[in-house]
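Below are the chains, spelled out letter by letter.
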Amino acid sequence: MNSITKRWIKGSLLIIIVLLMIAAGMMLLTFRNSYYSAAQTALSNRINTINGIIDASGRMSGADMEELLFRITADFDEKDKFELMLLGEAGQVVSTSSGFAPASRQSAEDFGKAMTKGEDVYINTYTSQMNEKIMSATFLLDEPARDVYAVCITTSLAKIDQEIGVIFAFILMAAAAVIVFSIMSGTFFIRSIVMPIHSIKDTADKIAKGEFTARIEKNKKYDDEIGQLCTSINHMAEELGRNDELKNEFISSVSHELRTPLTAIKGWAETMNGTNDVQTMQKGTEVILQETDRLYAMVENLLDFSRLQSNSVSINKEKLDLVAEVYDAVIMYTPQAEKQGISIKFEEPEIFIPVMADKNRVRQVMVNLLDNALKYSDDSGDIEVYIRNNAEKSTATVEVKDYGKGIHPDDIKKVKQRFYKGKGSKRGSGIGLALVSEIMQLHGGRFDIQSEYGKYTSMQVTFKTIPVTKGK
(Lines give C-alpha, C1' and ligand atoms only; values in the text may rest on other atoms or scores of the structure.)
Protein backbone atom coordinates (compact mmCIF):
# COMPACT_ATOMS: atom_id res chain seq x y z
CA MET A 1 0.00 0.00 0.00
CA ASN A 2 1.30 3.44 -0.95
CA SER A 3 0.97 5.04 2.49
CA ILE A 4 1.00 8.76 3.28
CA THR A 5 4.40 8.31 4.96
CA LYS A 6 5.94 6.76 1.84
CA ARG A 7 4.44 9.47 -0.35
CA TRP A 8 5.85 12.11 1.98
CA ILE A 9 9.33 10.54 1.88
CA LYS A 10 9.26 10.37 -1.93
CA GLY A 11 7.59 13.68 -2.53
CA SER A 12 9.01 15.93 0.19
CA LEU A 13 11.89 14.49 2.22
CA LEU A 14 13.95 13.38 -0.80
CA ILE A 15 13.46 16.79 -2.41
CA ILE A 16 14.59 18.50 0.80
CA ILE A 17 17.71 16.30 0.95
CA VAL A 18 18.58 16.93 -2.71
CA LEU A 19 18.08 20.69 -2.30
CA LEU A 20 20.22 20.70 0.84
CA MET A 21 23.00 18.80 -0.99
CA ILE A 22 22.89 21.27 -3.85
CA ALA A 23 22.89 24.20 -1.43
CA ALA A 24 25.78 22.69 0.58
CA GLY A 25 27.79 22.13 -2.60
CA MET A 26 27.18 25.70 -3.80
CA MET A 27 28.08 27.14 -0.40
CA LEU A 28 31.27 25.04 -0.26
CA LEU A 29 32.23 26.13 -3.77
CA THR A 30 31.53 29.75 -2.88
CA PHE A 31 33.68 29.61 0.26
CA ARG A 32 36.50 27.83 -1.59
CA ASN A 33 36.50 30.37 -4.40
CA SER A 34 36.42 33.19 -1.88
CA TYR A 35 39.35 31.84 0.16
CA TYR A 36 41.42 30.97 -2.92
CA SER A 37 40.68 34.38 -4.39
CA ALA A 38 41.89 36.01 -1.16
CA ALA A 39 45.13 33.97 -1.31
CA GLN A 40 45.64 34.94 -4.95
CA THR A 41 45.09 38.59 -4.09
CA ALA A 42 47.64 38.33 -1.27
CA LEU A 43 50.25 36.90 -3.65
CA SER A 44 49.53 39.57 -6.24
CA ASN A 45 49.88 42.30 -3.61
CA ARG A 46 53.33 41.00 -2.59
CA ILE A 47 54.42 40.88 -6.20
CA ASN A 48 53.15 44.42 -6.73
CA THR A 49 55.07 45.55 -3.63
CA ILE A 50 58.33 44.09 -4.96
CA ASN A 51 57.63 45.56 -8.37
CA GLY A 52 57.01 48.94 -6.74
CA ILE A 53 60.40 48.76 -4.93
CA ILE A 54 62.09 47.95 -8.23
CA ASP A 55 60.40 50.87 -9.99
CA ALA A 56 61.24 53.23 -7.13
CA SER A 57 64.94 52.31 -7.39
CA GLY A 58 65.17 53.84 -10.85
CA ARG A 59 67.53 52.65 -13.55
CA MET A 60 70.10 50.29 -12.11
CA SER A 61 72.74 48.04 -13.55
CA GLY A 62 72.06 44.32 -13.73
CA ALA A 63 74.44 43.64 -10.86
CA ASP A 64 72.85 46.28 -8.65
CA MET A 65 69.38 45.01 -9.48
CA GLU A 66 70.43 41.48 -8.65
CA GLU A 67 71.88 42.65 -5.33
CA LEU A 68 68.65 44.52 -4.55
CA LEU A 69 66.57 41.43 -5.26
CA PHE A 70 68.82 39.22 -3.14
CA ARG A 71 68.51 41.74 -0.29
CA ILE A 72 64.69 41.85 -0.63
CA THR A 73 64.64 38.06 -0.54
CA ALA A 74 66.90 37.82 2.48
CA ASP A 75 64.95 40.52 4.38
CA PHE A 76 61.50 39.15 3.47
CA ASP A 77 59.54 39.36 6.74
CA GLU A 78 56.58 37.08 5.94
CA LYS A 79 58.53 33.88 5.71
CA ASP A 80 56.00 32.11 7.96
CA LYS A 81 53.24 32.66 5.39
CA PHE A 82 55.00 33.00 2.05
CA GLU A 83 58.22 31.93 0.39
CA LEU A 84 59.95 34.34 -1.97
CA MET A 85 62.14 32.84 -4.69
CA LEU A 86 64.36 34.29 -7.40
CA LEU A 87 64.39 32.31 -10.66
CA GLY A 88 67.15 32.01 -13.20
CA GLU A 89 67.16 31.87 -16.98
CA ALA A 90 65.72 28.33 -17.12
CA GLY A 91 63.35 28.85 -14.22
CA GLN A 92 65.71 27.26 -11.72
CA VAL A 93 65.70 28.56 -8.14
CA VAL A 94 68.54 31.01 -7.59
CA SER A 95 67.68 32.14 -4.07
CA THR A 96 64.88 31.70 -1.52
CA SER A 97 63.69 33.64 1.52
CA SER A 98 63.80 30.48 3.62
CA GLY A 99 67.36 29.64 2.66
CA PHE A 100 66.36 26.23 1.37
CA ALA A 101 66.47 25.35 -2.27
CA PRO A 102 63.27 23.46 -3.13
CA ALA A 103 62.91 21.30 -6.17
CA SER A 104 62.99 23.61 -9.15
CA ARG A 105 60.81 21.50 -11.47
CA GLN A 106 57.56 23.26 -10.63
CA SER A 107 59.12 26.71 -10.66
CA ALA A 108 60.64 25.93 -14.04
CA GLU A 109 57.21 24.87 -15.36
CA ASP A 110 55.59 28.06 -14.02
CA PHE A 111 58.41 30.12 -15.50
CA GLY A 112 57.96 28.43 -18.87
CA LYS A 113 54.19 29.01 -18.87
CA ALA A 114 54.64 32.64 -17.87
CA MET A 115 57.09 33.07 -20.76
CA THR A 116 54.75 31.29 -23.18
CA LYS A 117 51.60 33.21 -22.20
CA GLY A 118 53.41 36.52 -21.93
CA GLU A 119 51.68 37.34 -18.66
CA ASP A 120 53.27 39.76 -16.19
CA VAL A 121 52.07 37.63 -13.29
CA TYR A 122 51.23 33.94 -13.72
CA ILE A 123 49.13 32.34 -10.93
CA ASN A 124 49.14 28.58 -10.52
CA THR A 125 47.83 26.05 -7.97
CA TYR A 126 49.44 22.62 -7.67
CA THR A 127 50.22 19.80 -5.25
CA SER A 128 53.79 19.48 -4.06
CA GLN A 129 55.80 16.28 -3.72
CA MET A 130 54.90 16.36 -0.02
CA ASN A 131 51.22 16.15 -1.05
CA GLU A 132 50.65 19.75 0.02
CA LYS A 133 48.54 22.11 -2.02
CA ILE A 134 50.51 25.21 -3.09
CA MET A 135 49.56 28.45 -4.83
CA SER A 136 52.31 30.36 -6.65
CA ALA A 137 52.62 33.72 -8.42
CA THR A 138 55.45 34.15 -10.96
CA PHE A 139 56.53 37.65 -12.07
CA LEU A 140 58.83 38.12 -15.08
CA LEU A 141 61.32 40.99 -14.83
CA ASP A 142 61.31 43.48 -17.67
CA GLU A 143 65.06 43.06 -17.93
CA PRO A 144 67.16 40.31 -16.39
CA ALA A 145 69.19 41.23 -13.31
CA ARG A 146 72.27 39.26 -14.29
CA ASP A 147 71.24 35.66 -13.26
CA VAL A 148 67.76 36.62 -12.02
CA TYR A 149 64.98 36.55 -14.63
CA ALA A 150 61.83 36.24 -12.49
CA VAL A 151 60.44 36.52 -8.98
CA CYS A 152 58.15 33.79 -7.58
CA ILE A 153 56.09 33.84 -4.37
CA THR A 154 54.40 30.68 -3.04
CA THR A 155 52.10 29.98 -0.12
CA SER A 156 50.60 26.81 1.35
CA LEU A 157 46.83 26.28 1.02
CA ALA A 158 46.75 23.69 3.82
CA LYS A 159 45.28 26.06 6.41
CA ILE A 160 42.80 27.40 3.89
CA ASP A 161 41.71 23.86 3.01
CA GLN A 162 41.50 23.12 6.72
CA GLU A 163 39.26 26.16 7.23
CA ILE A 164 37.15 25.08 4.26
CA GLY A 165 36.93 21.59 5.78
CA VAL A 166 35.68 23.07 9.05
CA ILE A 167 33.12 25.19 7.20
CA PHE A 168 32.05 22.14 5.20
CA ALA A 169 31.63 20.20 8.45
CA PHE A 170 29.43 22.99 9.82
CA ILE A 171 27.43 23.01 6.57
CA LEU A 172 26.93 19.24 6.81
CA MET A 173 25.92 19.54 10.46
CA ALA A 174 23.44 22.30 9.60
CA ALA A 175 22.07 20.23 6.71
CA ALA A 176 21.80 17.20 8.97
CA ALA A 177 20.03 19.30 11.60
CA VAL A 178 17.57 20.55 8.94
CA ILE A 179 16.95 16.97 7.77
CA VAL A 180 16.45 15.72 11.33
CA PHE A 181 14.11 18.62 12.07
CA SER A 182 12.24 17.96 8.81
CA ILE A 183 11.88 14.28 9.68
CA MET A 184 10.69 15.05 13.22
CA SER A 185 8.25 17.76 12.15
CA GLY A 186 7.10 15.71 9.15
CA THR A 187 6.61 12.63 11.31
CA PHE A 188 4.65 14.64 13.85
CA PHE A 189 2.55 16.19 11.09
CA ILE A 190 1.93 12.84 9.40
CA ARG A 191 1.00 11.23 12.72
CA SER A 192 -1.43 14.09 13.31
CA ILE A 193 -3.09 13.10 10.03
CA VAL A 194 -2.65 9.33 9.97
CA MET A 195 -3.84 8.64 13.53
CA PRO A 196 -7.21 10.40 13.16
CA ILE A 197 -7.55 8.86 9.68
CA HIS A 198 -7.15 5.40 11.23
CA SER A 199 -9.84 6.32 13.73
CA ILE A 200 -12.05 7.61 10.92
CA LYS A 201 -11.47 4.39 8.93
CA ASP A 202 -12.35 2.17 11.90
CA THR A 203 -15.52 4.15 12.57
CA ALA A 204 -16.46 4.17 8.87
CA ASP A 205 -16.03 0.37 8.77
CA LYS A 206 -18.38 0.04 11.75
CA ILE A 207 -20.92 2.32 10.09
CA ALA A 208 -20.64 0.25 6.88
CA LYS A 209 -21.52 -2.84 8.95
CA GLY A 210 -24.65 -1.14 10.24
CA GLU A 211 -23.35 0.13 13.60
CA PHE A 212 -24.92 3.57 13.22
CA THR A 213 -24.24 4.40 16.88
CA ALA A 214 -20.48 4.44 16.21
CA ARG A 215 -18.93 7.90 16.57
CA ILE A 216 -15.48 9.42 16.09
CA GLU A 217 -14.15 10.95 19.29
CA LYS A 218 -13.43 14.60 18.62
CA ASN A 219 -10.05 15.98 19.66
CA LYS A 220 -9.59 19.69 20.27
CA LYS A 221 -6.13 19.44 18.69
CA TYR A 222 -7.76 18.67 15.34
CA ASP A 223 -9.93 21.74 15.00
CA ASP A 224 -9.25 21.86 11.27
CA GLU A 225 -10.29 20.08 8.05
CA ILE A 226 -9.85 16.70 9.78
CA GLY A 227 -12.09 17.89 12.61
CA GLN A 228 -14.65 19.00 10.03
CA LEU A 229 -14.42 15.58 8.37
CA CYS A 230 -14.98 13.88 11.74
CA THR A 231 -18.01 16.10 12.34
CA SER A 232 -19.39 15.29 8.88
CA ILE A 233 -18.93 11.53 9.37
CA ASN A 234 -20.56 11.68 12.81
CA HIS A 235 -23.43 13.64 11.26
CA MET A 236 -23.64 11.07 8.45
CA ALA A 237 -23.81 8.25 11.00
CA GLU A 238 -26.51 10.12 12.90
CA GLU A 239 -28.54 10.64 9.72
CA LEU A 240 -28.06 7.02 8.66
CA GLY A 241 -29.18 5.88 12.10
CA ARG A 242 -32.21 8.10 11.93
CA ASN A 243 -33.02 6.89 8.41
CA ASP A 244 -32.66 3.33 9.64
CA GLU A 245 -35.10 4.07 12.45
CA LEU A 246 -37.46 5.73 9.97
CA LYS A 247 -37.16 2.70 7.69
CA ASN A 248 -38.03 0.36 10.55
CA GLU A 249 -40.93 2.57 11.58
CA PHE A 250 -42.03 2.71 7.96
CA ILE A 251 -41.98 -1.08 7.63
CA SER A 252 -43.95 -1.39 10.85
CA SER A 253 -46.40 1.30 9.76
CA VAL A 254 -46.89 -0.14 6.27
CA SER A 255 -47.32 -3.61 7.71
CA HIS A 256 -50.02 -2.25 9.98
CA GLU A 257 -51.63 -0.30 7.15
CA LEU A 258 -51.65 -3.38 4.92
CA ARG A 259 -52.92 -5.65 7.68
CA THR A 260 -55.97 -3.47 8.39
CA PRO A 261 -57.59 -3.62 4.92
CA LEU A 262 -56.50 -7.22 4.43
CA THR A 263 -58.15 -8.15 7.73
CA ALA A 264 -61.31 -6.38 6.65
CA ILE A 265 -61.29 -8.07 3.24
CA LYS A 266 -60.68 -11.49 4.74
CA GLY A 267 -63.33 -10.99 7.42
CA TRP A 268 -66.01 -9.89 5.00
CA ALA A 269 -65.04 -12.59 2.51
CA GLU A 270 -65.54 -15.23 5.23
CA THR A 271 -68.81 -13.60 6.25
CA MET A 272 -70.09 -13.52 2.66
CA ASN A 273 -69.01 -17.12 2.14
CA GLY A 274 -71.26 -18.28 4.97
CA THR A 275 -74.43 -16.31 4.19
CA ASN A 276 -77.01 -15.83 1.45
CA ASP A 277 -78.29 -12.53 2.86
CA VAL A 278 -78.41 -9.96 0.03
CA GLN A 279 -77.76 -6.94 2.25
CA THR A 280 -74.79 -8.63 3.89
CA MET A 281 -73.46 -9.54 0.46
CA GLN A 282 -73.88 -5.94 -0.77
CA LYS A 283 -72.26 -4.49 2.36
CA GLY A 284 -69.38 -6.94 2.17
CA THR A 285 -68.81 -6.22 -1.51
CA GLU A 286 -68.78 -2.48 -0.80
CA VAL A 287 -66.24 -2.85 2.02
CA ILE A 288 -64.02 -5.17 -0.03
CA LEU A 289 -64.03 -2.73 -2.95
CA GLN A 290 -63.20 0.23 -0.67
CA GLU A 291 -60.39 -1.61 1.09
CA THR A 292 -59.05 -2.88 -2.24
CA ASP A 293 -58.96 0.69 -3.58
CA ARG A 294 -57.17 1.74 -0.41
CA LEU A 295 -54.61 -1.04 -0.84
CA TYR A 296 -54.17 -0.17 -4.51
CA ALA A 297 -53.59 3.52 -3.74
CA MET A 298 -51.09 2.67 -1.03
CA VAL A 299 -49.12 0.29 -3.25
CA GLU A 300 -49.16 2.81 -6.10
CA ASN A 301 -47.74 5.49 -3.80
CA LEU A 302 -44.98 3.14 -2.69
CA LEU A 303 -44.12 2.17 -6.25
CA ASP A 304 -44.20 5.77 -7.48
CA PHE A 305 -41.94 6.93 -4.69
CA SER A 306 -39.51 4.09 -5.38
CA ARG A 307 -39.44 4.99 -9.10
CA LEU A 308 -38.93 8.67 -8.37
CA GLN A 309 -36.07 7.91 -5.97
CA SER A 310 -34.33 5.75 -8.60
CA ASN A 311 -34.96 8.33 -11.38
CA SER A 312 -36.77 5.69 -13.42
CA VAL A 313 -39.94 7.78 -13.86
CA SER A 314 -40.30 9.97 -16.91
CA ILE A 315 -42.44 13.09 -16.66
CA ASN A 316 -44.68 13.51 -19.70
CA LYS A 317 -45.37 17.22 -19.71
CA GLU A 318 -48.25 18.68 -21.66
CA LYS A 319 -50.19 21.90 -21.65
CA LEU A 320 -52.80 21.72 -18.86
CA ASP A 321 -55.35 24.02 -17.29
CA LEU A 322 -54.28 24.03 -13.64
CA VAL A 323 -57.73 25.26 -12.56
CA ALA A 324 -59.44 22.30 -14.21
CA GLU A 325 -57.05 19.78 -12.62
CA VAL A 326 -57.58 21.21 -9.14
CA TYR A 327 -61.36 21.32 -9.67
CA ASP A 328 -61.46 17.63 -10.70
CA ALA A 329 -59.50 16.65 -7.56
CA VAL A 330 -61.85 18.68 -5.33
CA ILE A 331 -64.91 17.07 -6.94
CA MET A 332 -63.37 13.60 -6.45
CA TYR A 333 -62.79 14.17 -2.72
CA THR A 334 -66.02 16.03 -1.96
CA PRO A 335 -68.12 12.86 -1.26
CA GLN A 336 -65.49 11.49 1.13
CA ALA A 337 -65.29 14.84 2.89
CA GLU A 338 -69.06 15.03 3.27
CA LYS A 339 -69.07 11.59 4.92
CA GLN A 340 -66.72 13.04 7.55
CA GLY A 341 -68.86 16.16 7.90
CA ILE A 342 -66.15 18.29 6.32
CA SER A 343 -66.77 20.98 3.71
CA ILE A 344 -64.23 21.63 0.93
CA LYS A 345 -64.42 25.30 -0.08
CA PHE A 346 -63.00 26.10 -3.49
CA GLU A 347 -63.49 29.33 -5.35
CA GLU A 348 -62.76 28.40 -8.93
CA PRO A 349 -60.94 31.21 -10.78
CA GLU A 350 -62.61 32.28 -14.00
CA ILE A 351 -59.30 32.59 -15.83
CA PHE A 352 -57.40 29.89 -17.69
CA ILE A 353 -54.03 29.15 -15.99
CA PRO A 354 -51.88 27.10 -18.39
CA VAL A 355 -48.94 25.04 -17.10
CA MET A 356 -46.62 22.47 -18.66
CA ALA A 357 -46.99 19.45 -16.42
CA ASP A 358 -47.70 15.73 -16.24
CA LYS A 359 -51.46 15.33 -15.85
CA ASN A 360 -51.26 12.16 -13.74
CA ARG A 361 -48.59 13.61 -11.44
CA VAL A 362 -50.53 16.85 -10.89
CA ARG A 363 -53.54 14.74 -9.98
CA GLN A 364 -51.36 12.68 -7.61
CA VAL A 365 -50.10 15.86 -5.91
CA MET A 366 -53.65 17.16 -5.35
CA VAL A 367 -54.89 13.76 -4.13
CA ASN A 368 -52.09 13.56 -1.54
CA LEU A 369 -52.65 17.13 -0.34
CA LEU A 370 -56.42 16.70 -0.03
CA ASP A 371 -56.06 13.28 1.59
CA ASN A 372 -53.64 14.72 4.15
CA ALA A 373 -55.98 17.65 4.84
CA LEU A 374 -58.95 15.31 5.35
CA LYS A 375 -56.92 13.03 7.58
CA TYR A 376 -55.97 15.81 10.01
CA SER A 377 -59.07 18.01 9.84
CA ASP A 378 -61.48 18.14 12.75
CA ASP A 379 -64.93 16.68 12.12
CA SER A 380 -67.39 19.26 10.80
CA GLY A 381 -64.44 21.48 9.91
CA ASP A 382 -63.55 23.18 6.66
CA ILE A 383 -60.85 22.68 4.03
CA GLU A 384 -60.05 25.70 1.89
CA VAL A 385 -58.50 25.44 -1.57
CA TYR A 386 -57.09 28.50 -3.33
CA ILE A 387 -55.33 29.16 -6.62
CA ARG A 388 -53.25 32.33 -6.82
CA ASN A 389 -51.86 33.41 -10.18
CA ASN A 390 -48.74 35.61 -10.16
CA ALA A 391 -48.42 36.94 -13.70
CA GLU A 392 -45.30 38.98 -12.94
CA LYS A 393 -43.33 35.92 -11.79
CA SER A 394 -45.10 33.53 -14.23
CA THR A 395 -46.11 31.22 -11.36
CA ALA A 396 -49.34 29.84 -9.95
CA THR A 397 -49.72 28.57 -6.40
CA VAL A 398 -52.28 26.04 -5.21
CA GLU A 399 -52.96 26.18 -1.46
CA VAL A 400 -54.77 23.51 0.54
CA LYS A 401 -55.53 24.70 4.07
CA ASP A 402 -57.14 22.77 6.90
CA TYR A 403 -57.99 23.87 10.44
CA GLY A 404 -57.02 20.71 12.29
CA LYS A 405 -54.45 20.38 15.02
CA GLY A 406 -51.57 21.55 12.83
CA ILE A 407 -47.98 20.33 12.75
CA HIS A 408 -45.72 20.40 15.79
CA PRO A 409 -42.81 22.91 15.45
CA ASP A 410 -40.30 20.05 15.88
CA ASP A 411 -41.79 18.27 12.87
CA ILE A 412 -42.35 21.13 10.42
CA LYS A 413 -38.92 20.78 8.78
CA LYS A 414 -39.05 16.99 8.63
CA VAL A 415 -42.53 16.14 7.38
CA LYS A 416 -41.33 16.19 3.75
CA GLN A 417 -38.70 13.55 4.48
CA ARG A 418 -39.46 10.03 3.33
CA PHE A 419 -40.94 7.66 5.93
CA TYR A 420 -41.14 10.46 8.52
CA LYS A 421 -44.22 10.46 10.74
CA GLY A 422 -44.45 13.30 13.22
CA LYS A 423 -46.04 13.56 16.63
CA GLY A 424 -49.67 12.55 16.57
CA SER A 425 -49.48 11.21 13.00
CA LYS A 426 -52.35 9.05 11.81
CA ARG A 427 -52.67 6.20 9.34
CA GLY A 428 -50.47 6.20 6.29
CA SER A 429 -47.04 5.18 5.06
CA GLY A 430 -45.32 8.51 5.72
CA ILE A 431 -44.34 9.07 2.09
CA GLY A 432 -47.28 11.13 0.81
CA LEU A 433 -45.72 14.53 1.37
CA ALA A 434 -42.26 13.25 0.37
CA LEU A 435 -43.85 12.13 -2.91
CA VAL A 436 -45.39 15.59 -3.42
CA SER A 437 -41.97 17.18 -2.85
CA GLU A 438 -40.29 14.84 -5.37
CA ILE A 439 -42.94 15.47 -8.04
CA MET A 440 -42.72 19.25 -7.63
CA GLN A 441 -38.94 19.14 -7.95
CA LEU A 442 -39.26 17.20 -11.20
CA HIS A 443 -41.59 19.92 -12.47
CA GLY A 444 -39.18 22.68 -11.45
CA GLY A 445 -41.72 23.91 -8.90
CA ARG A 446 -41.81 24.33 -5.14
CA PHE A 447 -43.58 22.72 -2.19
CA ASP A 448 -44.00 24.81 0.99
CA ILE A 449 -45.66 24.07 4.33
CA GLN A 450 -46.86 26.58 6.91
CA SER A 451 -48.52 25.60 10.15
CA GLU A 452 -49.44 26.90 13.57
CA TYR A 453 -49.71 24.07 16.02
CA GLY A 454 -53.26 23.59 17.25
CA LYS A 455 -54.76 25.95 14.67
CA TYR A 456 -54.13 25.24 10.99
CA THR A 457 -51.88 23.75 8.31
CA SER A 458 -51.35 25.33 4.90
CA MET A 459 -49.68 23.35 2.11
CA GLN A 460 -48.71 25.17 -1.07
CA VAL A 461 -47.45 23.89 -4.40
CA THR A 462 -46.16 26.38 -6.94
CA PHE A 463 -46.03 25.69 -10.70
CA LYS A 464 -44.42 27.67 -13.47
CA THR A 465 -47.03 29.04 -15.87
CA ILE A 466 -46.75 29.55 -19.63
CA PRO A 467 -48.03 32.49 -21.66
CA VAL A 468 -51.67 32.29 -22.73
CA THR A 469 -52.03 31.99 -26.50
CA LYS A 470 -54.68 34.28 -27.96
CA GLY A 471 -57.83 32.49 -28.99
CA LYS A 472 -57.18 29.56 -26.63
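Each chain carries its own residue numbering, running from 1 in the direction its sequence is written. Reporting in this predicted model follows two pLDDT cut-offs: at least 70 for local features of residues, and 80 or more for side-chain atom pairs to be given and counted; totals over whole chains, interfaces and linings ignore these cut-offs and use all residues. Derived side-chain values reflect all non-hydrogen atoms in the structure, with water molecules and hydrogen atoms excluded from consideration.

Caption draft 1: Quick look at the overall build of the chain. A tally of regular secondary structure across the chain gives nine helices and twelve strands. Within the chain, the fraction of its 472 residues that count as buried is 36%. Accessible surface, the chain as shown: approximately 28,200 Å² in total, 54% of it carbon and sulfur. Runs of H or I in DSSP of at least four residues are treated as helices and runs of E of at least two as strands, each being numbered from the N terminus. Using a 1.4 Å probe on the protein chains alone, a residue whose accessible area is under 20% of its type maximum counts as buried, one over 50% counts as exposed, and one in between counts as partly exposed. Surface accessibility in these figures is a Shrake-Rupley result with a 1.4 Å probe; residues are shielded only by whichever protein chains are displayed.

Caption draft 2: Spatial organisation of helix α4 (residues 158-208). Working rule for helices: expected span equals 1.5 Å times residues minus one. Given a rise of 1.5 Å per residue, 51 residues ought to cover 75 Å, and the 71 Å separating the end C-alpha atoms of α4 matches this to within 8%. Taken from the residues just after α4, Gly-210 is the one with a positive phi, measuring 100 degrees.

Caption draft 3: Highlighting the side chain of Thr-395. Structurally, the position occupied by Thr-395 is in strand β10 (residues 395-402). Note on contacts: a residue pair qualifies if any of its non-hydrogen atoms lie within 4.5 Å across the two residues. If near-sequence neighbours (up to four positions away) are discounted, Thr-395 is found in contact with Arg-388, Asn-389, Asn-390, Thr-462, Phe-463, Lys-464 and Thr-465.

Caption draft 4: Broad picture of the environment of Glu-163. As for its placement among the helices and strands, Glu-163 is situated in helix α4. Taking C-alpha positions, Glu-163 is 9.1 Å from Tyr-35, a pair spaced 128 residues apart along the chain.

Caption draft 5: Inspection of a negative patch on the surface at higher detail. Nonpolar side chains (Val, Leu, Ile, Met, Phe, Trp, Tyr) within 5 Å and like charges within 9 Å form the patches, drawn only from residues with over 30% relative accessible area and no salt bridge. Here a salt bridge means any side-chain nitrogen of Lys or Arg lying within 4 Å of a carboxyl oxygen belonging to Asp or Glu. Charged residues are defined here as Lys and Arg on the positive side and Asp and Glu on the negative side; His and the ends of the chain fall outside this count. To locate a charge, take NZ of a lysine, CZ of an arginine, CG of an aspartate or CD of a glutamate. Residues Asp-55, Glu-119, Asp-120, Asp-142 and Glu-143 make up a contiguous surface patch of negative charge. Of note, Asp-142 is situated in strand β4 (residues 133-145). Judged by its relative accessible area of 75%, Asp-142 falls in the exposed class.

Caption draft 6: Seen up close, the sheet that holds strand β9 (residues 382-390). With mixed pairing, five strands are arranged side by side in an open sheet as β7-β9-β10-β12-β11. Looking along the sheet, the strands with just one partner apiece sit at the ends: β7 (343-346) and β11 (446-452). Neighbour-to-neighbour, the strand axes of this sheet turn through a mean angle of 15 degrees, independent of strand direction. Pairing between two strands is assigned when DSSP locates at least 2 bridges connecting them. As defined by bridge partners, β9 adjoins β10 across eight bridges and the pair is classed as antiparallel. Looking at β10, one finds that Ile-383 is bridged to Asp-402. In this description, a line fitted to the C-alpha atoms serves as the axis of each element, helices being fitted only across the stretch in contact, and the angle between N-to-C directions of two axes falls anywhere from 0 to 180 degrees.

Caption draft 7: Representation of the pattern of salt bridges within the structure. Under the definition given, this model contains eleven salt bridges. One salt bridge connects Glu-78 with Arg-46, and the closest N-O pair in it is separated by 2.7 Å. Here Arg-46 lies in helix α1 (residues 4-56) and Glu-78 lies in the loop between α2 (62-74) and β1 (82-87), a separation of 32 residues in the sequence. Taking the shortest distance from any N to any O, the salt bridge between Lys-455 and Glu-452 comes out at 3.2 Å. Through salt bridges with shared partners, one network takes in Glu-325, Asp-328, Lys-359 and Arg-363.

Caption draft 8: Just the layout of surface pockets, in detail. Site definitions follow a grid-based scheme: protein atoms alone, a 1 Å grid, a 1.4 Å probe that fits but cannot get out for cavities, and for pockets an open set with protein on both sides within 12 Å along at least five of seven lines, plus lining residues having an atom within 4 Å of a point. Grid points are joined across faces, edges and corners, and a volume is the space filled by probe spheres set on the points. Empty space within the second largest pocket amounts to approximately 900 Å³. Residue lining of the second largest pocket: 30 residues in total, with Glu-132, Ile-134, Thr-154, Thr-155 and Ser-156 positioned closest to the centre. Listed by contribution, the elements that provide at least two residues to the lining of the second largest pocket are α1, β1, α3 (105-117), β3 (121-127), β5 (148-156) and α4. Following the grouping adopted for this structure description, the nonpolar residues are Ala, Val, Leu, Ile, Met, Phe, Trp, Tyr, Cys and Pro, the charged ones are Asp, Glu, Lys and Arg, and the polar ones are all others, Gly among them. Counted by class, the lining of the second largest pocket contains twelve nonpolar, nine polar and nine charged residues.

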